[in-house]
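Survey of secondary and tertiary structure
For reference, the chains in residue letters:
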Amino acid sequence: MTSPSPSPDLADLLARRRSAAPDALAAPGPDAAAIARLMEIALRVPDHGRLAPWRLVLIEGEAKARWIERLMAIAETREDAPKARVSTRKLADAPLVVAVISAAVPGHKVPEWEQWLSAGAVAMNLLNGAEALGFGANWLTGWHAYDDRATALIGVAPGERVAGVVLIGTAAERAAERERVRPDQVVTRLSP
Ligand SMILES: Cc1cc2nc3c(=O)[nH]c(=O)nc-3n(C[C@H](O)[C@H](O)[C@H](O)COP(=O)(O)O)c2cc1C
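- Looking at an unreviewed UniProt entry, the chain carries the name Putative NAD(P)H nitroreductase, with the source organism given as Sphingomonas quercus.
- UniProt's Sequence similarities (unreviewed entry) comment on the chain is quoted here verbatim: "Belongs to the nitroreductase family."

Given below as C-alpha cells:
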C-alpha cells in the first residue's frame, strides 16, 4: 500500500475545525445519504484487536422529541434540576443527535482504556466528518451521560458507558475562534 496523495483541503479542514454552539445548530440535518456517509467515516477508527468496542444510536425526529421530554422529566427529579434542565435544553435544537456508546469488552487482553480511546476516536471522526459534509457539530456529555435512568432511555446496558452525544445540524453561524493551546506548550521532543 502506498501513502495517500496530499490533500491540502482536508488538512485545512482538520486544522480549522471548530465545534458549533449547540443552539446554533438547526435544520436541515444530514439526510439518509449523508448519515450513511457519516457512519462510514465514524466507524473508520483504529480499534486494537478489532473488537468494535462501541456502538452508535441515532436520535432524530419524533424519537428525539420524546427522548428530550423523558430526559426533562428525569432532570426535574435531580438535586441539580436547574442545571440539568439547561444542559438538557442544549440537546433540543440540533436535528440529529448521535450517541456514542463505549461497549468495551472487560477482561480482554486489549486493556479497556484502549477500547475507550477507540470510542473517543469515533466521536472525533463524527465531528470531522460532519464538518467535511458541510454540517456543524458539537460533542457533549452532561448529566444525561452519567445518570442511569437517562442512559437507559437510549438502551445503554450495564458495563457500557456513554462517550458522549454528538449534535449535528446546519450551523447558523461559525463559532468565534477560541484560544488554543500552542504546540510549544505541550509538545516536547525526546532528546537523543
Ligand atoms: C468528552 C467530552 C465531553 C464534553 N462535554 C461537554 C459538556 O457537557 N458541555 C459543554 O459545554 N462542553 C462539553 N465538551 C466540550 C465541547 O465539545 C466544546 O464545545 C468543544 O471543546 C469546543 O472546542 P472545539 O471548537 O475545539 O471543538 C465536551 C468535550 C468532550 C471531548
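More follows now that the structure is in view.
**Let's talk about the packing of aromatic side chains**
- As enumerated under the stated definition, the model contains zero aromatic pairs in all.
- A cation sits over an aromatic face here: Arg161 above Trp116, 4.5 Å from the ring centre.

**Considerations on the site of the ligand**
- Taken together, Arg17, Arg18, Ser19, Lys90, Asn138, Trp139, Leu140, Thr141, Gly142, Arg178 and Arg180 make up all the residues around the ligand.
- With respect to the ligand, the backbone of Gly142 contributes an N or O atom lying 3.4 Å from an oxygen atom.
- A distance of 2.6 Å is found between an oxygen atom of the ligand and a side-chain nitrogen or oxygen belonging to Arg180.
- Its free accessible area being 630 Å², the ligand has 62% of it covered by the protein chains.
- Tallied by class, the residues present in the shell around the ligand amount to two nonpolar, four polar and five charged.

**Examining the layout of surface pockets**
- Roughly 330 Å³ of internal volume is contained in the largest pocket.
- Around the largest pocket, the lining comprises 18 residues; the ones closest to its centre are Ala145, Glu160, Arg161, Val162 and Ala163.
- Those elements giving two or more residues to the lining of the largest pocket turn out to be helix H5 (112-132), helix H6 (148-153) and strand E5 (161-171).
- A breakdown of the residues in the lining of the largest pocket according to their chemical character gives 11 nonpolar, four polar and three charged.
- In terms of lining, the second largest pocket is formed by Leu10, Leu13, Leu14, Arg37, Glu40, Ile41, Asn128, Gly129, Ala132 and Leu133.
- When residues of the lining of the second largest pocket are traced back to their parent elements, those giving at least two are helix H1 (8-16), helix H2 (32-42) and H5.

**Structural notes on the side chain of Asn125**
- Looking at the element boundaries, Asn125 is found in helix H5.
- Apart from the residues within four sequence positions on either side, Asn125 is in contact with Ile41, Ala42, Arg44, Val45 and Ala130.

**Examining the environment of Leu51**
- Here Leu51 is to be found in the loop between H2 and strand E2 (54-60).
- Here Leu51 falls in the partly exposed class, since its relative accessible area comes to 22%.
- It is 8.2 Å that separates the C-alpha atoms of Leu51 and Ala104, two residues lying 53 residues apart in sequence.
- Aside from chain neighbours lying at most four places away, what touches Leu51 is His108, Val110 and Gln115.

**Digging into empty space enclosed by the protein**
- For the coordinates displayed, the defined rule picks out one cavity of 30 Å³ or more.
- Of the voids in this model, the largest cavity is the one considered here, and its volume is about 40 Å³.
- Looking at the largest cavity, the residues that line it are Trp67, His144, Ala145, Ala150, Ile154, Val162 and Val165.
- Of the residues contributing to the lining of the largest cavity, the split by class is six nonpolar, one polar and no charged.

**A closer look at unusual backbone geometry**
- Each neighbour pair has its own omega, and for Ala27 with Pro28 the value is 0°, a cis peptide bond.
- For Pro28, the location among the structural elements is in the loop between strand E1 (25-26) and H2.
- The residue Arg50 is not glycine, and still its phi comes out positive at about 50°.
- Even without being a glycine, Ala52 presents a positive backbone phi close to 45°.
- Along the chain, Ala52 turns up in the loop between H2 and E2.

Conventions adopted
- Residues numbered from 1 in each chain as written.
- Predicted model: local features only at pLDDT ≥ 70, side-chain atom pairs only at ≥ 80, totals over all residues.
- Heavy atoms only, no water.
- UniProt positions renumbered as here; feature names shortened; annotations may be inferred.
- Phe/Tyr/Trp six-rings, centres within 6.5 Å; stacked < 30°, edge-to-face > 60°.
- Lys NZ or Arg CZ within 6 Å of the ring centre and 35° of its normal.
- Near = heavy atom within 4 Å.
- Polar contact = N/O pair within 3.5 Å; in protein donor to acceptor, adjacent residues only side chain to side chain.
- Areas by Shrake-Rupley, 256 points an atom, 1.4 Å probe, with all protein chains shown as cover.
- Nonpolar A, V, L, I, M, F, W, Y, C, P; charged D, E, K, R; others polar.
- 1 Å grid on protein atoms, 1.4 Å probe; cavity = no way out; pocket = protein on both sides within 12 Å on 5 of 7 lines; lining within 4 Å.
- Points joined across faces, edges and corners; volume = space filled by probe spheres on them.
- Helix = DSSP H or I, 4+ residues; strand = E, 2+ residues; numbered from the N terminus.
- Contact = heavy atoms within 4.5 Å.
- Buried < 20%, exposed > 50% of the residue type's maximum accessible area, 1.4 Å probe, protein only.

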